[in-house]
Structure formats: C-alpha cells, structure tokens
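The residues making up each chain are set out below.
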Amino acid sequence: MGILAGRFAPSPTGPLHMGSLLAATASYLDARARGGQWLLRIDDIDTYRCIPGATEQILQTLEAHGLWWDGSVQYQSENLAEYQAALDLLAQRNDIFYCNCSRRSLAAKGAYPGKCRGNQQPLEDAAIRIRVAAAIVEFTDLLQGQQIERLAESVGDFIIRRRDGLIAYQLATAIDDGNPRISHVVRGSDLLGNTARQLYLMQQLNLATPVYAHIPTLNGADGRKLSKQNHAPAVADDQALENLLTAFGYLGLHPPTQSPHWDITSLLDWGCEHWSLEQLQGQTSVCVD
Ligand code: GLU
C-alpha cells in the first residue's frame, strides 16, 4: 500500500465555524481510520480575503479539539514558486492565453466562449486561462458517486491566474492536492463542482490524483451553507467536547452516551474505530436549526 494521507485546507478568512469543523473532523477521522497521516494546509494566497490572526485562531481551535496534524503546517503563500513553474510549463506548451474579457461581457454566457484564445503574448491587466481540450473528466467520489463532466461545455477555458496577478484557487489547489503525499481529499460538497477542473489541471501537469469524498455541508434554516459570509458563529474552543459530539452526529456517528466518560482523545479514538462513509452516501447537505 502506498502512503496514505488526508488533508484539511482552510482559508484564513475567519475562525472555524461548525461547517468547517465538520470538514476538519471528517477528514481527520477518515485519514486516521485508514492509518494515514493528516496534513494541514492554510490556503492563504487570496491575500485580499485573509484576515490577520485567523490562521493562529484556526490552529488553536484544531488543537483545542484534539485535531493534531502531522508535520509542519503548509502555507500556499510559501509555494508561489511552484505555482509559477506550472504556469511557465503550461505557457511553453501554448496551453494558456491572456484574457481581458470583462466579467460583465461574460456574464450569463455559460462556458467561456474562447474569445481571447489567440492572445499568446502577455497582456497587461489580463487573467490567464488554460485552454480546455474537449476532454471528459470522470471520477468516482466516495460519497457522491460517479461524476462525469465535459469541461469544455460546462466551464470552458478557465482562469488559473487572476487578473490581479494572484494564482487562482483551482491551480493552487490542484498542485497542492496533486502532491503524491495526499491520497484522500475529504471536503464539503460545495466544492464538488471544482473537482473536475482540479483533476484536469493535475492531469495536464502530470501530477498524482487523490481520491475524493465530498461530505454534506451544513445549511442554515434558509437553506444556505453556513459560512463566514452569512455570519456562522465561530466554534467555542472551551466547548470542544460538545462541538465534536455535534460534528459526530452530523457524520452519522453516535457514541454511547453513558459510560465511558468521554474526553476528546477517547472520543476521537472511538470515532476512528467507527468511521464509515456508508451512512453519508449521496447526502449533500444537512440542515441545522
Ligand atoms: N480553502 C478552501 C476553503 O476553505 C477549501 C479548499 C479545499 O478543501 O479544497 O473553502
């Protein structure tokens, strides 16, 4: 058997809320249940969205919940040279082009219409898109089943470096998750729609591809995913045991309530022993009230 590892990759845009703690717990239990490592990556390239102090707060919350990661924390902001090398490689192969289409001109157009495909030379104030061949991306999500996406029809040539010069989420994530150290990506189902693009980039860059499991997101009473934008409250570090029990419940894990007297360590150990993807099959969201 090869190396096994899962990862949790929060963006430091605020403290963890219950939805993000759920993703952390699920990926932790999944990795540990497989006897694998659990890696932590901070997705901090989008400097406009990063909030000072959020990384420290996230690390503290994970520690308070006994979710200890292996090795040192990876920061996407420290991996820019690797992203640039991938851009250079794609440029050498004429697989990218510069695009200055305004967002408005593309609105409601569906897949990118290919207008700037001829712009091989660097342009000021332009995004970089990858040319998407008429390929079908196919993968089997451990929870959401078989996925087939005709990328050229669904999104078309997509952005891998933003107009403001920042590396796009799709490229950074594809490169980092394409590290052969990562065998399993367990994350919220809201990210399922990005996976085909990330797999496509991994294939274009000859990277390893992980197995995916997209777990249910937590939705508020209004049906919207809990997020920082809709003011989901931060999880309280001094209620770690209760928070973990709540997360377990959403993951279909129901530890016996009487004895033993749970503490964080014994609860997480119990979770690893009883971890199964079975009860989450096909579920994309859970409503919290
Ligand atoms: N950093 C992304 C987020 O917090 C998640 C990335 C991922 O799991 O692929 O939404």
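Use the structure listed above.
Residues numbered from 1 in each chain as written. Predicted model: local features only at pLDDT ≥ 70, side-chain atom pairs only at ≥ 80, totals over all residues. Heavy atoms only, no water.

The subject of this paragraph is the overall build of the chain. Tallying secondary structure elements over the chain gives 9 helices and 12 strands in all. Relative to its length of 289 residues, the chain is compact, with a C-alpha radius of gyration of 20 Å against a globular reference of 19 Å. For the C-alpha atoms alone, the extent of the chain along its principal axes is close to 70 × 40 × 40 Å. The 289 residues of the chain split such that 50% are buried. In the chain, the share of contacts with a sequence separation of at least 24, taken over all contacts with a separation of at least 6, comes to 75%. (Helix = DSSP H or I, 4+ residues; strand = E, 2+ residues; numbered from the N terminus. Rg over C-alpha atoms; globule rule 2.2 N^0.38 Å. Buried < 20%, exposed > 50% of the residue type's maximum accessible area, 1.4 Å probe, protein only. Contact = heavy atoms within 4.5 Å.)

With their axes 9 Å apart at the nearest point, helix 6 (residues 169-177) and helix 7 (residues 192-204) run at an angle of 60° to one another. With respect to helix 7, the axis of helix 6 lies oblique. You can see that helix 6 and helix 7 cross each other, and the crossing is right-handed. For the pair formed by helix 6 and helix 7, the contact residues are Tyr169, Gln170, Leu171, Thr173, Ala174 and Asp177 on the first element and Asn194, Arg197, Gln198, Leu201 and Met202 on the second. (Axes fitted to C-alpha atoms, helices over the stretch in contact; angles between N-to-C directions. Parallel < 35°, antiparallel > 145°, perpendicular 65-115°, else oblique. Left-handed = near helix turned anticlockwise from the far one by under 90°.)

Strand order in the open sheet formed by 3 strands is 4-5-8, and the pairing between neighbours is antiparallel. The open sheet has two edge strands with one neighbour each: strand 4 (96-99) and strand 8 (158-161). For this sheet the average axis-to-axis angle between neighbouring strands, irrespective of direction, equals 45°. Sheet topology note: the strand 5 (residues 127-130)/strand 8 ladder contains 3 bridges and is antiparallel. Counterpart to isoleucine 128 in the pairing with strand 8 is arginine 161. (Pairing = 2+ DSSP bridges.)

What follows is about the site of the ligand. Looking at the ligand, the residues that line it are Arg7, Ala9, Pro10, Ser11, Asp43, Tyr169, Thr173, Arg187 and Leu191. One nitrogen or oxygen atom from the side chain of aspartate 43 is found 2.7 Å from a nitrogen atom belonging to the ligand. The side chain of tyrosine 169 places a nitrogen or oxygen atom 3.0 Å from an oxygen atom of the ligand. Starting from 300 Å² of accessible surface for the ligand in isolation, the protein chains cover 78%. (Near = heavy atom within 4 Å. Polar contact = N/O pair within 3.5 Å; in protein donor to acceptor, adjacent residues only side chain to side chain. Areas by Shrake-Rupley, 256 points an atom, 1.4 Å probe, with all protein chains shown as cover.)

Our next topic: the nonpolar core. In this structure, Phe8, Leu29, Trp38, Leu62, Leu67 and Trp275 are the most contacted members of the largest nonpolar core, which totals 43 residues. Among the elements of the structure, helix 1 (18-33), strand 2 (37-42), helix 2 (54-64), strand 10 (211-215), helix 8 (240-250) and helix 9 (264-274) are those that each provide at least two residues to this core. Once residues lying within four places of it in the same chain are set aside, the contact partners of tryptophan 275 are Ala26, Leu29, Asp30, Ala33, Leu251, Leu253 and Leu280. With 33 residues, the next largest nonpolar core counts Leu151, Ile160, Ala174 and Leu192 among its residues. (Core = buried A, V, L, I, M, F, W, Y, C linked by side-chain atoms within 4.5 Å.)

Let us look at the pairing of strand 6 (residues 136-141). Consecutive side chains along a regular strand alternate between the two faces of the sheet. Here strand 6 shows a clear split, with Val137, Phe139 and Asp141 buried on one side and none of Ile136, Glu138 and Thr140 buried on the other. From the end of strand 6 to the start of strand 7 (residues 145-150), which pair antiparallel, there are 3 residues.

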